[in-house]
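Okay, here's what each chain looks like letter by letter:
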Amino acid sequence: MVSNSPLITVVIPVYNGAKTIAETITSVLEQSLRDFELLVINDGSTDNTIEVVQGFKDNRIRLLTYSNAGLAASRNRGIQQSCCDLISFIDADDLWTTTKLEDQLLALRRQSCASVAYSWTDCVNQSGIFFRRGSHISAEGNVYERLLMGNFIDSGSNALFRKSVFEAVGQFDTALKAAEDWDMFLRIAADHRFVSISEVQVLYRLSSQSMSANLYRQEQESLKVLNKAFACKPKLSWRSRRKSLAQLYRYLTYKALENCSTKEQASVAGRYLFQSVFQDPRQLRPLRLFGSQLSEIVKVLAD
């Protein structure tokens, strides 16, 4: 039974997501915790997204249509329309396991000082088949410096937030065209505590059209996020800043090598690898950390 005042708002931002949103909505509706409202924020879709959403007959779903403004703006619209004290976001091609909301809610209740609960993530391909594991990191409490080393929460489809944190830190940065979820986690982590569920409960769908596939944009927007974070923490050590940049370029190296088949792609991966080592030469100790990456780049360049 769903109460008149649900516990949680779930927000699905969607732009032309007709091919995947039905599966995403189903994974939300099948949650073991039933007491939520589901806001589908249609960001000016031009395909049949609206028809797909309207095909679901569930009074927890509200479909709200706006002109196209981007992912961050759609999440902000969800925050503004939410009637609950807790809020979670899921992109229109990602999936949740059935106990995701329930487990995260229990975690926040157990640790009342925490403002964000998150779970582990695995990545799936366009057919929903396992592709690779996510970060699987269980950092708790003050996670700010750990977040500077990379977005171990993995995506904006993961966390359950106390809505009050958005009153404290502001909403998603609409000027960012990627990494806006990492930016939000960092802004929250500066003064709020996190709690984790050490279980895979989020399935992040990889595709050639996903934001993470555009590496140049990912690089530029991630650098903006880090520069904002450094500015907010002026006492952060020089070594921590360099290590953070090194970890960013190490991540980009891995992403560049995921589908590395041309000399141009290998050249990009090589540039990212150079930047990672340049920012923190200690990463070459031991050399095996980059041995496989170097071998892959050399192999493609030699073909």
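The coordinates are above.
Residues numbered from 1 in each chain as written. Predicted model: local features only at pLDDT ≥ 70, side-chain atom pairs only at ≥ 80, totals over all residues. Heavy atoms only, no water.

Re the pattern of salt bridges
Tallied over the entire structure, the rule returns 11 salt bridges. Where Glu180 meets Arg75, a salt bridge forms, and the shortest distance between an N and an O atom there is 3.2 Å. Linking Glu180 in helix 7 (residues 180-189) with Arg75 in helix 3 (residues 71-81), this pair joins segments that are 105 residues apart in sequence. The class for Glu180 is buried, based on a relative accessible area of 3%. What makes Arg75 buried here is its relative accessible area of 1%. One salt bridge in this structure joins Asp183 and Lys228, with 3.0 Å as the shortest N-O distance. On the criterion of sequence distance, the pair formed by Asp183 in helix 7 and Lys228 in helix 8 (residues 215-232) is long-range, its members being 45 residues apart. Given a relative accessible area of 32%, Lys228 falls into the partly exposed group. Residues joined in a network through salt bridges with shared partners are Asp173, Asp183, Arg187 and Lys228. (Salt bridge = Lys/Arg side-chain N within 4 Å of Asp/Glu carboxyl O. Helix = DSSP H or I, 4+ residues; strand = E, 2+ residues; numbered from the N terminus. Buried < 20%, exposed > 50% of the residue type's maximum accessible area, 1.4 Å probe, protein only.)

Things to note about the packing of helix 8 against helix 9 (residues 238-258)
Two elements in contact, helix 8 and helix 9, have axes whose closest approach is 11 Å; the angle formed by their N-to-C orientations is 165°. Classified by the interaxial angle, the pair formed by helix 8 and helix 9 is roughly antiparallel. Helix-helix and strand crossings are classified by hand; for helix 8 and helix 9 the assignment is right-handed. When helix 8 is examined against helix 9, the residues Leu215, Gln218, Glu219, Ser222, Leu223, Leu226 and Phe230 are found in contact with a partner set consisting of Arg241, Ser244, Leu245, Leu248, Tyr249, Leu252, Lys255 and Ala256. Of the residues in the contact of helix 8 with helix 9, the class split is 9 nonpolar, 3 polar and 3 charged. (Axes fitted to C-alpha atoms, helices over the stretch in contact; angles between N-to-C directions. Parallel < 35°, antiparallel > 145°, perpendicular 65-115°, else oblique. Left-handed = near helix turned anticlockwise from the far one by under 90°. Contact = heavy atoms within 4.5 Å. Nonpolar A, V, L, I, M, F, W, Y, C, P; charged D, E, K, R; others polar.)

A short note on unusual backbone geometry
Although it is not a glycine, Asn16 adopts a positive phi angle of roughly 50°. You can see Asn16 is positioned in the loop between strand 1 (8-14) and helix 1 (21-29). For Asn16, a relative accessible area of 30% puts it in the partly exposed group. Not every positive phi belongs to a glycine, and His136 is a case in point at roughly 55°. Within the element layout of this structure, His136 appears in the loop between strand 7 (130-133) and helix 5 (144-148). Taking relative accessible area as the criterion, His136 reaches 17% and is therefore assigned buried.

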